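# Notes for the structure review
Take a look at the letters that make up each chain.
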Amino acid sequence: ITDNGNGSVNAYGAVMGAVKCDTLRLEINIQQLKNGNWVNIKNYSSTASNASLLTKSYNYTVTKGYYYRVMAGCVATKAGTTETQIPITDGIWID
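As a starting point, this report considers the structure included with it. (Residues numbered from 1 in each chain as written. Predicted model: local features only at pLDDT ≥ 70, side-chain atom pairs only at ≥ 80, totals over all residues. Heavy atoms only, no water.)

### Section: the overall build of the protein chain
- Scanning the protein chain for helices and strands turns up zero helices and six strands.
- Reading the helices (α) and strands (β) of the protein chain from amino to carboxyl end gives β-β-β-β-β-β.
- Residues classed as buried in the protein chain amount to 34% of the 95 residues present.
- When contacts within the protein chain are restricted to residue pairs at least 6 apart in sequence, those whose partners lie at least 24 apart make up 62%.
- Carbon and sulfur atoms make up 46% of the accessible area of the protein chain, which totals about 5700 Å².
- Charge-centre separation for the protein chain: the mean point of 8 positive side chains lies 7 Å from the mean point of 6 negative side chains. (Helix = DSSP H or I, 4+ residues; strand = E, 2+ residues; numbered from the N terminus. Buried < 20%, exposed > 50% of the residue type's maximum accessible area, 1.4 Å probe, protein only. Contact = heavy atoms within 4.5 Å. Areas by Shrake-Rupley, 256 points an atom, 1.4 Å probe, with all protein chains shown as cover. Lys, Arg positive; Asp, Glu negative; His and termini not counted. Charge placed at Lys NZ, Arg CZ, Asp CG, Glu CD.)

In structure tokens form, the structure reads like this:
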């Protein structure tokens, strides 16, 4: 997650397979730190078939004066075997 400097953030995510996969799925959740808890405020979902790479980038307008982060869900499936990772970025302050 990066600060675009205009009251919006850019959320970028990627799913990379070592081999071509039957399906790749990417969930990007933009979260806001509110009252000590991370709350989902925007979700993006995308899929790709017969691919080894799926990348997405989204700009989203946020309320200034809060921390924001991205929690992603990265899922790769091939021949019935599924691998999942859930990376989380550090929070950034938007002012």
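### Side note on the pairing of strand β3 (residues 37–61)
- Bridge analysis of strand β2 (residues 8–34) against β3 gives 22 bridges, and the strand direction is antiparallel. The residue bridging Q32 from the neighbouring strand is V39, located in β3.
- Between β2 and β3, which pair antiparallel and follow one another directly, the connecting turn spans two residues, one of which, N35, has a positive phi of 55°. (Pairing = 2+ DSSP bridges.)

### Focus on the pattern of salt bridges
- In this structure the tally under the stated criterion is one salt bridge.
- For R25, the salt bridge goes to E27, with nearest N and O atoms at 3.7 Å. (Salt bridge = Lys/Arg side-chain N within 4 Å of Asp/Glu carboxyl O.)

### Considering the layout of surface pockets
- In this structure, the largest pocket occupies an estimated 310 Å³ of space.
- Taken together, 17 residues form the lining of the largest pocket, with V15, M16, G17, A76 and E83 sitting closest to its centre.
- Broken down by secondary-structure element, the contributors of at least two residues to the lining of the largest pocket are β2, β4 (66–78) and β5 (81–85).
- Element by element, the count of residues in the lining of the largest pocket is highest for β2, at seven residues. (1 Å grid on protein atoms, 1.4 Å probe; cavity = no way out; pocket = protein on both sides within 12 Å on 5 of 7 lines; lining within 4 Å. Points joined across faces, edges and corners; volume = space filled by probe spheres on them.)

### A look at the environment of E27
- Looking at where E27 falls in the secondary structure, it is placed in strand β2.
- Measuring from C-alpha to C-alpha, the distance between E27 and Y44 comes to 5.7 Å, with 17 residues separating the pair along the chain.
- Residues within four places of E27 in sequence aside, it is in contact with N43, Y44, S45, M71, A72 and G73.
- Reaching out from E27, the side chain makes a polar contact with the side chain of N43 at a distance of 3.3 Å. (Polar contact = N/O pair within 3.5 Å; in protein donor to acceptor, adjacent residues only side chain to side chain.)

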